[in-house]
Amino acid sequence: MSNSPEPLEPPTIKNSVEDDTIKILLATDNHIGYNERDPVRGQDSINSFKEVLQLAVKHQVDFILLAGDLFHENKPSRECLYKTMALLREYTLGDKPVQVELLSDPDEGKADGFSFPAINYEDPNLNVGIPVFSIHGNHDDPQGTGPAGALCALDVLSVSGLINYMGKIDLPIESHPDAGPDGIAVRPVLLRKGNTHLAMYGIGNVKDQRMHFELRSNRVRMYMPRNKEDWFNILLLHQNRVKHGPQEFVPEGMFDDSVDLVVWGHEHDCRILPEPVAGKKYYVTQPGSSVATSLSEGEAIEKKVALLKIQGKEFELTPLPLRTVRPFVMDEVALSEIAEEEEIDLSNQLEINRYLRERITQLVEKGNAQWEERNEKALADGEPALPKMLPLVRLKVETTGVTEMSNPVRFGQEFQGKVANPRDILVFYRSKRGGKRGPKVTIDEPELSIDDPELTAHEKLEKVRVSTLVKEYLSAQELQLLGETGMSDAISLFVEKDDIHAIQTHVGRELKALVKQMNPAEHLNEDDLEELLAQARENQEKEYLESRSKPKKTAKGKEKAVPDSDADSVDSMAMEVDYAGASGGDSDSEMETQPVKRKAPAKAKAPAKPKAPAKKAPTKGRGKKKASDDESDEVIEIDDDEEEEDEPPPKAAPKKTSRAAIFAQPVKKAAPKKKAAASSSKQSQLSFAPAARSSRAAATKARGKMVVSDDDDD
């Protein structure tokens, strides 16, 4: 633990000397361009940034320090860039002399291939009054390849001479001549004013896991002056401060002991007063965002920036509230808890809406009161009044035990013109502690095959497969309704084949099949329900595995055997007819000549059969839609076993032939004429296909030329 006698009260400068005091305006997460298309909230971010610049001019600061996320988008719109550059030019350029002297190399970090320096006020062609230093955040980080190709919006502002972009690092740092083989190299911007020396170290946003690893491995190299104890060292970073996972955050106590103050960006809740770190000598300040980008509790805290004064090794920080920030109030209510107190019938939707309407009205009044109070204080300080802003309102409603709730979007329309966010005033949720579930469904992280600690990172990357990970994860969850194999295949199609409907189609199909197996018309006891579900799921999984193991029919299908069962024959014939009607005729033209070759040997047997069965075929074929096993036999091919059975099968054949002809008419109009001719002169010709011919070939041949087989002779 630290043995320093520093008290918990905020640090201050004991004997202030104006010529030795560096004044800095601190701000983070401006998010310019957030929700810019919204007709009500579209200008909130740019208005707040304008106020930040106005405060810098008002307090006559030496420079402005931004800790990331100046822009909300990685590629801000032209309007957003235009307004930002106009404001920077309006408030930061001018005749005011810059009183801080640059001691570090002005060309450190300058644009490759150009002569102007990286620090704008060192450029003789520019007249800078208030320099702006900024690092990038996770919203406006560089994109591209290599140190020259990785660019962001801050690079544009930097080469235009409006800001000084710092903290742009390359990972790994092998390209840097002074760096080691790996790690992160941080070079400071060294400034001096009178007897105060200031070193600013900027680290733009990197992945939290990478930053955590580099800090834990002591591979973050901060290049400090030799007499670093005489310098006031500020570290700017833009990372997760709140723990979101084992390594998805950056611990506060992992920075160099020589650091005096850490300016933390990325977190939006305002914790601007310096907070000491246990076991360390430095403080952490978290200014928070200047605009609410989400309707959460952290965003409801009053937005502020800070005026930082540094003299020698001492500093003091003064919060400055922002007036242009839209008022934001939120509350939470549990309907099951207030039902008795407010005498609300939870089954009556009208009564619930009436109560929620009253609560929202109270929140709106509270937001308006905040605005009025803020405006009165500003007027007392001699500042101009601002036009009234509609408040942001959010009411979180716990609906545990409530069967039906109203549409929150429709509900919010009643407050159109009273709040700035009518579409998302309400958010409904259910308490997780109320439901009773069996031990099957667990959302814990499963032990995956790539979690083996003995595997290296390279081996894990080689071993990882989306389908394997999904299957292992689903197996660990023990799904109650859906099978793991089918769900895994559907997710794999969604990820690897970009089939956006794969999961929806699979779930819908499986649920329909389960409903049929469950037989809803039958009354079920609750005790038997779980067992019946498990059995139905097992059957469904078995059927899916069997269907997946069957060989799929190819488009041409010549090498496939004719199906043995009735069901197989019916399905294949139906699929082939539909496919042919849709696709047109490549396969038609390819197979059309085959029936002609097979007619020659059958001419001698023309008088073998009467023509009567051929005339019956059209009439019966139109009235019967269902296909049978004789369909493919009669149209093109006849199995040897079926030929030996009876004479009637050839009579049923014209039904199928006429059906195929009807489907083929839109594709080839000459087919009916050929059939008519065949009935008169070629009726007795034989054309039997081999038993191994596929149903696809049968359908195609029937479509191309219809020949009725009357003889059992080949």
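Residues numbered from 1 in each chain as written. Predicted model: local features only at pLDDT ≥ 70, side-chain atom pairs only at ≥ 80, totals over all residues. Heavy atoms only, no water.

Enquirer: Explain the overall build of the chain to me, please; I cannot follow it from the model alone.
Expert: When you go through the chain residue by residue, the secondary structure sums to 22 helices and 18 strands. Counting every position in the chain, which comprises 714 residues, the buried fraction comes to 45%. By sequence separation, contacts in the chain at least 24 residues apart represent 72% of the contacts at least 6 residues apart. (Helix = DSSP H or I, 4+ residues; strand = E, 2+ residues; numbered from the N terminus. Buried < 20%, exposed > 50% of the residue type's maximum accessible area, 1.4 Å probe, protein only. Contact = heavy atoms within 4.5 Å.)

Enquirer: Would you take a moment to explain the sheet that holds strand S13 (residues 283-286) for this structure?
Expert: To summarise the sheet geometry, strands pair through backbone hydrogen bonds and adopt either a parallel or an antiparallel arrangement. The strand order S3-S7-S8-S10-S11-S13-S12 describes an open sheet built from seven strands, whose pairing is mixed. Pairing within the sheet leaves two strands with one partner each, and these edge strands are strand S3 (101-102) and strand S12 (271-276). Sheet topology note: the S12/S13 ladder contains three bridges and is antiparallel. Bridge pairing links Glu275 to Val284 in S13. (Pairing = 2+ DSSP bridges.)

Enquirer: I would appreciate a short explanation of the packing of aromatic side chains in the present structure.
Expert: Ring pairs (aromatic) are described by centroid distance and by the angle formed between their planes. One pass over the full model with this rule turns up seven aromatic pairs. Seen in terms of ring centroids, Phe63 and Phe133 are 5.3 Å apart; in terms of plane orientation they differ by 75 degrees. Their pairing is edge-to-face. One end of the pair, Phe63, is in strand S2 (residues 63-67); the other, Phe133, is in strand S4 (residues 132-135), with 70 residues separating them in the sequence. Residue Phe63 shares its accessibility class with Phe133, and that shared class is buried. Each member of the aromatic cluster is reached from another via a ring pair, and the members are Phe232, Tyr283 and Phe315. (Phe/Tyr/Trp six-rings, centres within 6.5 Å; stacked < 30°, edge-to-face > 60°.)

Enquirer: Help me out: how do you make sense of the sheet that holds strand S5 (residues 164-165) in this one?
Expert: Overall, mixed pairing links the six strands, which are arranged S5-S4-S2-S1-S14-S15 in an open sheet. Of all strands in the sheet, those with a lone pairing partner are S5 and strand S15 (314-321), marking the two edges. Alignment of S2 against S4, held across four bridges, turns out to be parallel. The residue of S4 that forms the bridge with Ala67 is Ile135.

Enquirer: Mind showing me how you'd approach the pattern of salt bridges here?
Expert: Pairing of side chains with opposite charge becomes possible as their charged atoms draw close. This structure, assessed with the given rule, holds 19 salt bridges. Salt-bridge contacts for Glu101 lead to Arg192; the nearest nitrogen and oxygen are separated by 2.6 Å. Residue Glu101 is found in strand S3, and its partner Arg192 is found in strand S7 (residues 189-193); the two are separated by 91 residues along the sequence. The class of Arg192 is partly exposed, set by a relative accessible area of 29%. A salt bridge links Lys280 to Asp257, with the shortest nitrogen-to-oxygen separation between them at 2.7 Å. Of this pair, Lys280 sits in the loop between S12 and S13 while Asp257 sits in the loop between strand S10 (232-238) and strand S11 (261-265), placing them 23 residues apart in sequence. Each of the salt bridges in this network shares a partner with another, and the network as a whole consists of Arg241, Glu252, Arg271 and Glu275. (Salt bridge = Lys/Arg side-chain N within 4 Å of Asp/Glu carboxyl O.)

Enquirer: Explain unusual backbone geometry here, please?
Expert: The general pattern is negative phi for most residues beyond glycine and trans for most peptide bonds. Its identity as a non-glycine residue notwithstanding, Gln60 has a phi of 50 degrees, on the positive side. Residue position: Gln60 is located in the loop between helix H1 (44-58) and S2. Take Gln60: its relative accessible area is 52%, and that puts it in the exposed class.

Enquirer: Can you walk me through the packing of helix H6 (residues 335-342) against helix H7 (residues 349-380) in this structure?
Expert: For any two helices packed against each other, the geometry comes down to the angle between their axes and how far apart the axes lie. Across the interface, H6 lies against H7 with an axial gap of 12 Å and an inter-helix angle of 95 degrees. Taken together, H6 and H7 sit at an angle that is classed as roughly perpendicular. Where H6 approaches H7, its residues Leu335, Ile338 and Glu342 are matched on the opposing element by Ile352, Tyr355 and Leu356. Each residue belonging to the contact of H6 with H7 can be placed in one class, and the counts come to five nonpolar, no polar and one charged. (Axes fitted to C-alpha atoms, helices over the stretch in contact; angles between N-to-C directions. Parallel < 35°, antiparallel > 145°, perpendicular 65-115°, else oblique. Nonpolar A, V, L, I, M, F, W, Y, C, P; charged D, E, K, R; others polar.)

Enquirer: Is there a simple way to explain a nonpolar patch on the surface in this structure?
Expert: Taken together, the side chains of Phe494, Val495 and Ile500 define a hydrophobic patch exposed on the protein surface, amounting to about 280 Å² of accessible area. Checked against the element boundaries, Ile500 lands in the loop between helix H11 (484-496) and helix H12 (502-518). Relative accessible area serves as the criterion here: at 56%, Ile500 is assigned to the exposed category. (Patch = residues over 30% accessible without salt bridge, like charges linked within 9 Å, V, L, I, M, F, W, Y side chains within 5 Å. Areas by Shrake-Rupley, 256 points an atom, 1.4 Å probe, with all protein chains shown as cover.)

Enquirer: For this particular structure, what's the right way to read the packing of H1 against helix H2 (residues 78-92)?
Expert: Two elements in contact, H1 and H2, have axes whose closest approach is 10 Å; the angle formed by their N-to-C orientations is 10 degrees. By the angle between their axes, H1 is roughly parallel relative to H2. As H1 packs across H2, the resulting crossing turns out to be right-handed. Of the residues in H2, those in contact with Ile46, Phe49, Lys50, Leu53, Gln54 and Val57 of H1 are Lys83, Thr84, Leu87, Leu88, Tyr91 and Thr92. Here the contact of H1 with H2 is built from residues that sort into seven nonpolar, three polar and two charged. (Left-handed = near helix turned anticlockwise from the far one by under 90°.)

Enquirer: Quick question: what am I supposed to make of the pairing of strand S8 (residues 196-203) here?
Expert: Taking burial as the measure, the eight residues of S8 include seven buried ones, the bulk of the element. Of the pairings in the sheet, the one linking S7 to S8 comprises five bridges and is antiparallel in character. In the strand pairing of S8, Lys193 is matched with Thr196. In sequence, S7 turns back onto S8 through a hairpin of two residues, with Gly194 there showing a positive phi of about 65 degrees. As paired elements, S8 and S10 share six bridges and run parallel to each other. Bridge pairing links Met200 to Ile234 in S10.

Enquirer: I'm lost on the environment of Ile13 in this one. Help?
Expert: By the secondary structure assignment, Ile13 is in the segment before strand S1 (22-27). Ile13 gets classed as buried once you look at its relative accessible area, which sits at 10%. For Ile13 and Ile310, which are 297 residues apart along the polypeptide, the C-alpha to C-alpha distance reads 7.8 Å. Apart from the residues within four sequence positions on either side, Ile13 is in contact with Lys309, Ile310, Gln311, Glu314, Phe315 and Glu316.

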